[in-house]
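# Examination of the molecular architecture
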Amino acid sequence: MTRWFRLFEKKRGNRRTGSERIAGVWEGVFFGALFLLGCFGFWLTISLFVLPEWWVNRDFRPCPARILELRIGTTVRDGQTLYRPEVCIEYKIAGRIYRLWTYDIHTVQGNGYSVDKDRALKALQKFKVQEIITSWYDPRDPEIAVIDRGFWWWAWLLLLIPLSFVILGAGGLSYHLWRWGKSAERLAVQGRPTSLSFSADPDAAMYPFVPEIPPRIGQPGSHLPYRLPVLGAPYRAIYAWLAAALCWNLAVLAFALGTYYADRFDWSFTLFLLPCLLIGLTLLGAFFRQWMAASAVGETIVEISDFPLLCGHRYRVYLKQTGWLRINWLEMLLVCEEEATFQHGTNTRRECRRIWQKTLFRHERFEILRSVPFETETELEIPCGMMHSFRSPHNEVRWRLYVRGSTQDWPNFERVFPLVVLPGPDRDRKPEIRPGREIISSETPEMAEPQEQVVPGRASEGSS
Amino acid sequence: MIEPRILVHFDGKKTVYEPGEVLAGQVRIEPLPLEDIKAVELSILWYTDGKGDQDLHVRYFRRWSQDGDLPLDLREPLRFQTVLPQTPLSYDGLIVRIRWCVRVRLFRSRGREIVEEVPFRLGRVAPARVRLQ
């Protein structure tokens, strides 16, 4: 079984490299190290920043102090000069006079520097020499005193970094400890008590691992009982072109206006602007072409006599193509495809193979008018012995209806309609046309081989 | 020391089952005595084997162990029985394959675990070939 997170394992073609046990050990070590690093970072942030501030606000006591001198303290770290405000104060505790350079607790601890000199100057502007102010001293060690007790908000924000390491490390480590010594099968049943008879979902389903029926299939058809939902509507492409055109043209406009108002609009800028405007116009043109094509091709409606489908049965299928088109050819295909998803290095790849395809009809050279849509009805059969629809997290066998067309004025179009195919209820029956939802079947030999010709397949590969 | 052997027998000696049919059988482990066996796990499962990452689903699972709910007594054969589901059927595709099997794992006090896998077919789906017409 595939681990949900893999650092130390690779897939080479159809096989995996290395031992899963060793990979598990190394991943455990990795997450353990991450957890320890997070703990160390957490402790460091707490002890250096958070705890001293909390300690000052909780334990330090107020006392009046006189300002004797003001200055900006400097230091050089990694070749860069850093600054901090420093105030020399004088205060009296239990009859003893103390004098020290201070500001906040970080200054007392030798830190508190920053690259921002103005911030240090601004902090000093609040004070005047010989002014009496309130300072806070440590009752356990009166030689420690501050004149600013505030919290550094970013110190708390800084805690998020080690905290994320701790959460990731602890999560990964506990996951690996939970997996340790357990078989793939025991892990697959999610650690449920072994006395249970694992009959819960998905086994409770009538047809486990068959994709669910699309919710929109409940919509009744006008010609046949079920109207199929369409996958990947063309509107997505239209919106994508529109977004690209708007973004590009607005960016160019903003850039041009900015340059114009800054009085830097010269001939060289005009030369630079011309290709940008051309790109913007091309994007707008592509959007309008896509929009026009979608409106011209119109809606494709596919209806079917029953749903879901059963292997070894025949069904009526109805197509209605609207629009205003001069069609070169229009065809409907019944297709069975396999799709596999796999990790390839750090990428998730997807490979699809079409294993079976049948052209249900093909019409050539005709015209579709606004008032007269193209309508046709035909028959489809899911052959006996074919695989049913199947979907697991990384593997899928799917059935689809493709409606494809070529027009004289617009680009080719393709509309996809998903089908759900179940195994036939009884293999010893002959396929019959099923009017409506009624199942009619009769005797036939087992494992009938489809009569199609074997030809080289088509493969497509992509990544996501 | 002799390695224990796992013997899996299906009732009726069938290798092809129909959806909804009962799959039953027994497991014997030889030779006895078997003091160093900590636990035995038996699963009836399907897994994918092909181009994609492997998916696995356990239909039936039992774990017999010295300290578990099901006590381990290897003097008697370990019986198993389940009703096979309607889907997924065994399938030999081009890049997706679905294999059903009974898998037995033997956990020992010392040494590596021993695994025995006995395949069977669920349903009669024909192997995939590329057919485009």
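A few points on the structure. (Residues numbered from 1 in each chain as written. Chains lettered and ligands numbered in written order. Predicted model: local features only at pLDDT ≥ 70, side-chain atom pairs only at ≥ 80, totals over all residues. Heavy atoms only, no water.)

Quick look at unusual backbone geometry now. With an omega dihedral of -5 degrees, the bond running from F307 of chain A to P308 of chain A counts as a cis peptide bond. Looking at the element boundaries, P308 of chain A is found in the loop between β9 (300-304) and β10 (309-310). T87 of chain B connects to P88 of chain B through a cis peptide bond whose omega is -5 degrees. Residue placement: P88 of chain B occurs in the loop between β7 (78-83) and β8 (91-92). (Helix = DSSP H or I, 4+ residues; strand = E, 2+ residues; numbered from the N terminus.)

This next bit is on a nonpolar patch on the surface. Residues and elements named next belong to chain A. Among the surface-exposed residues, L37, W153, W154, L157, L158, L160, I161, L163, F165 and I167 lie close enough to one another that they form a single nonpolar patch of about 980 Å² accessible area. Ranked by the residues each element gives to the nonpolar patch, the list is headed by helix α5 (residues 160-179), at 5 residues. Considering the arrangement of structural elements, one finds L37 in helix α1 (residues 20-59). (Patch = residues over 30% accessible without salt bridge, like charges linked within 9 Å, V, L, I, M, F, W, Y side chains within 5 Å. Areas by Shrake-Rupley, 256 points an atom, 1.4 Å probe, with all protein chains shown as cover. Salt bridge = Lys/Arg side-chain N within 4 Å of Asp/Glu carboxyl O.)

To continue, consider the pairing of strand β13 (residues 347-368) of chain A. Strand residues, when the strand is regular, have side chains that alternate between the two faces of the sheet. Residue and element names in this part refer to chain A. Summarising the sheet, strand β12 (residues 325-344) and β13 pair through 19 bridges and their orientation is antiparallel. From the neighbouring strand, R326 faces β13, where its bridge partner is E367. The turn joining β12 and β13, which pair antiparallel and follow one another in sequence, is formed by 2 residues; a positive phi near 65 degrees is taken by G345. (Pairing = 2+ DSSP bridges.)

Looking now at helix α8 (residues 267-297) of chain A. All names here are of chain A. Across its 31 residues, α8 extends 45 Å between first and last C-alpha, which sits within 8% of the 45 Å expected from 1.5 Å per residue. Check the buried side of α8 and you find it contacts α7 (235-261), β11 (314-321), β12 and β17 (413-419). Just beyond α8, the residue with positive phi is G298, at close to 75 degrees. (Expected span 1.5 Å × (residues − 1). Contact = heavy atoms within 4.5 Å.)

The subject of this paragraph is the nonpolar core. One recurring pattern in soluble globular proteins: nonpolar side chains tend to sit buried together. Counting residues in hydrophobic clusters, the biggest one holds 79 residues, and the most contacted among them are L380 and L401 of chain A together with V40, I44, F80 and V102 of chain B. Counting residues per element, this core draws most heavily on β12 of chain A, which supplies 7 residues. Those residues in contact with V102 of chain B, other than ones at most four positions away along the chain, are V8, F10, L23, L42, S43, I44, F80, E116, E117, V118 and F120 of chain B. In this structure, C63, I89, L100 and Y137 of chain A belong to the second largest nonpolar core, which totals 17 residues. (Core = buried A, V, L, I, M, F, W, Y, C linked by side-chain atoms within 4.5 Å. Buried < 20%, exposed > 50% of the residue type's maximum accessible area, 1.4 Å probe, protein only.)

Evaluated as defined, the whole model comprises 22 aromatic pairs over all chains. Across from the ring centre of W101 of chain A, 3.7 Å away, lies the NZ or CZ of R71 of chain A, which sits over that ring. Lying across the ring of F107 of chain B, R63 of chain B places its NZ or CZ 5.4 Å from the centre. (Phe/Tyr/Trp six-rings, centres within 6.5 Å; stacked < 30°, edge-to-face > 60°. Lys NZ or Arg CZ within 6 Å of the ring centre and 35° of its normal.)

What follows is about α7 of chain A. Residue and element names in this part refer to chain A. Under the 1.5 Å per step criterion, the end-to-end length of α7 is 38 Å for 27 residues, consistent within 8% with the ideal 39 Å. Of all the residues in α7, the buried ones are I238, A245, V252, A256 and T259. Once α7 ends, the next one or two residues include D263, with phi positive near 60 degrees.

Attention now moves to the pattern of salt bridges. By the definition in use, this model includes 38 salt bridges over all chains. For the salt bridge of E185 of chain A with R103 of chain B, the shortest nitrogen-to-oxygen distance reads 2.5 Å. With E185 of chain A in helix α6 (residues 184-188) and R103 of chain B in strand β9 (residues 97-108), the pair connects residues from two separate chains. Its relative accessible area of 1% is what places E185 of chain A among the buried residues. Of the residues examined, R103 of chain B reaches a relative accessible area of 10% and is grouped as buried. D11 of chain B is the salt-bridge partner of R79 of chain B, the closest N and O atoms lying 2.8 Å from each other. Of this pair, R79 of chain B sits in strand β7 while D11 of chain B sits in the loop between β1 (5-10) and β2 (16-17), and the two are 68 residues apart along the sequence.

Residue and element names in this part refer to chain B. Only one face of β7 is covered, namely the face carrying L78, F80 and T82; the face carrying R79, Q81 and V83 is uncovered. Bridging between strand β3 (residues 22-30) and β7 involves 6 bridges; their strand directions are antiparallel. Across the sheet, G25 pairs through a bridge with F80, a residue of β7.

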